[in-house]
Each structure stands twice: as structure tokens, then as C-alpha cells.
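Examining the three-dimensional arrangement
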Amino acid sequence: MTVTFILNGEPQTVEADPDMPLLWVVREKLGLTGTKFGCGIAACGACTMHVDGVATRTCVLPVGDVEGAEVRTIEGLSDENGLSAVQATWLEMQVPQCGYCQSGMIMAVEALLDENPEPSDDDIDAAITNICRCGTYARIRPAVHAAAKRRRA
Ligand code: FES
Ligand code: FES
């Protein structure tokens, strides 16, 4: 079946089984490998993309369900002005360790800040449920506050 959706602002049409997870379509058929596979059961968040602006775990999202949707991946965050505020803050504050979980983490944080520009600690804890096997959690919360401030400046 043919599925058409917008990926990082560009229309994409792919030939795929409609049950194939969006993560695999984006990585294997469209060649964008910034989004990672972790658990495959919507538990870890490594595969987070934005689907119509909502942080979504795409390892369990059939590509047939995104017909006509706007999909954004980590590759779509930066533009001609450079890195997004969250990406720049992540670099400055050296949040990642191995980095494997971090594209999903950043996508979840971007979605949170799009919805809530000044989140409390509780808001962050409730929204950012991604798993980091390196245990970078202690750096995540201050980095979200710093990125939020940077976005509002
Ligand atoms: S790989 Fe999708 S939530 Fe873990
Ligand atoms: S930085 Fe290594 S898994 Fe999160």
C-alpha cells in the first residue's frame, strides 16, 4: 500500500505494509536514523517522534495510521538558524552520556515545551517518562528548565 505523509516539512510517499511501524519506515525506507529503536513495546521512548505535534512512540504506530499526518523527527528540529533551543541546551549542559535515548528524550521535551512553555518539576516528571539506561535523569530536569528559559528569551 502507498502511504503519504509530511516528514519534517516535506511530503513523502512510501510503499509499505500499513502495519509496519512508522519507526521502521522512517529509518529503513526513508533513511533517517536519528530516531532509535529500544524496546519495541512503547515503554522506553527511544523511538519518539512528533505526530501532528504530539510526542508519539513510533515503534508501535502503524504507518497506515499516519496517512496525511505531519511527522517530525530529530532531524527536523534544526533549521537554517542552527540547533533548536533544546538541542543547544543539551549540548551546553552535556546532558547525554551514550546518547542512545537522547533523540527520543529531546523530542519528548520539545513537545512538552510546545504545550507548556514554563513547566514545573512535576510537569516535567509527568511528561518525560523516557527511559535512560545511563541514568542521565539528574541532568534532564535542570536542562528542561534551562531550555524553557532559552526558548522564552
Ligand atoms: S522503542 Fe519505542 S518505546 Fe521503546
Ligand atoms: S544517555 Fe545512554 S541511554 Fe540515555
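All values reported here derive from a predicted model rather than from experimental measurement.

1. Quick word on the environment of Arg72
Mapped onto the elements of the fold, Arg72 is located in strand β5 (residues 70-72). Overall, the relative accessible area of 28% leaves Arg72 in the partly exposed class. Aside from chain neighbours lying at most four places away, what touches Arg72 is Asn8, Met49, His50, Leu77, Met107 and Asp114.

2. Remarks on the nonpolar core
In this structure, Trp90, Ile128 and Val144 are the most contacted members of the largest nonpolar core, which totals 21 residues. Of all the elements, helix α3 (residues 102-115) adds the most residues to this core, at seven residues. If we skip the residues at most four places from it in the chain, Val144 touches Trp90, Val109, Leu112, Leu113, Pro119 and Ile124. Counting residues in hydrophobic clusters, the runner-up holds 18 residues, among them Phe5, Ala16, Val26 and Cys59.

3. Quick notes on the sheet that holds strand β1 (residues 2-7)
Sheet strands pair by backbone hydrogen bonding; their relative direction is either parallel or antiparallel. Strand order in the open sheet made by the five strands is β2-β1-β5-β3-β4, with mixed pairing throughout. Each having just a single partner strand, β2 (10-15) and β4 (54-57) make up the two edges of the open sheet. Averaged over all adjacent pairs, the angle separating strand axes in this sheet is 40 degrees, with direction ignored. By the bridge criterion, six bridges tie β1 to β2 in an arrangement that is antiparallel. Looking at the pairing, Ile6 lines up with Pro11 of β2. Contacting β1, β2, β3 (48-51) and β5, helix α1 (residues 22-29) crosses the sheet at an angle of about 105 degrees to β3. Against the sheet, α3 makes contact with β3, β4 and β5, and its axis sits at roughly 35 degrees relative to β3, the strand it touches most.

4. Observations regarding the pattern of salt bridges
This structure, assessed with the given rule, holds seven salt bridges. Salt-bridge contacts for Arg151 lead to Asp114; the nearest nitrogen and oxygen are separated by 2.9 Å. Pair noted here: Arg151 is in helix α5 (residues 137-152) and Asp114 is in helix α3, with a separation of 37 residues, a long-range link. The class of Asp114 is partly exposed, set by a relative accessible area of 45%. For the salt bridge of Asp125 with Arg141, the shortest nitrogen-to-oxygen distance reads 2.8 Å. Of the two residues, Asp125 is situated in helix α4 (residues 121-127) and Arg141 in helix α5; the sequence distance between them amounts to 16 residues. A relative accessible area of 40% means that Asp125 is categorised as partly exposed. What emerges from the salt-bridge pattern is a single network uniting Arg72, Glu110, Asp114 and Arg151.

5. Considering the domain arrangement of the chain
Annotation of the chain at the domain level lists domain 1 (2-75) and domain 2 (85-152). The straight-line distance from the C-alpha centre of domain 1 to that of domain 2 is 21 Å. Each side of the interface is counted separately: domain 1 has 17 residues, and domain 2 has 13 residues. Summing both partners gives a buried area of about 1,200 Å² for domain 1 against domain 2, and 56% of it is carried by carbon and sulfur. Linking domain 1 with domain 2 are one salt bridge, by the criterion used here. Notably, a salt bridge pairs Asp114 with Arg72, separated by 3.8 Å at the nearest N-O pair.

Each value, and the rule that gives it
Residues numbered from 1 in each chain as written. Chains lettered and ligands numbered in written order. Predicted model: local features only at pLDDT ≥ 70, side-chain atom pairs only at ≥ 80, totals over all residues. Heavy atoms only, no water. Helix = DSSP H or I, 4+ residues; strand = E, 2+ residues; numbered from the N terminus. Buried < 20%, exposed > 50% of the residue type's maximum accessible area, 1.4 Å probe, protein only. Contact = heavy atoms within 4.5 Å. Core = buried A, V, L, I, M, F, W, Y, C linked by side-chain atoms within 4.5 Å. Pairing = 2+ DSSP bridges. Axes fitted to C-alpha atoms, helices over the stretch in contact; angles between N-to-C directions. Salt bridge = Lys/Arg side-chain N within 4 Å of Asp/Glu carboxyl O. Domains from an automatic or database assignment. Buried area = accessible area lost by both parts, 1.4 Å probe.

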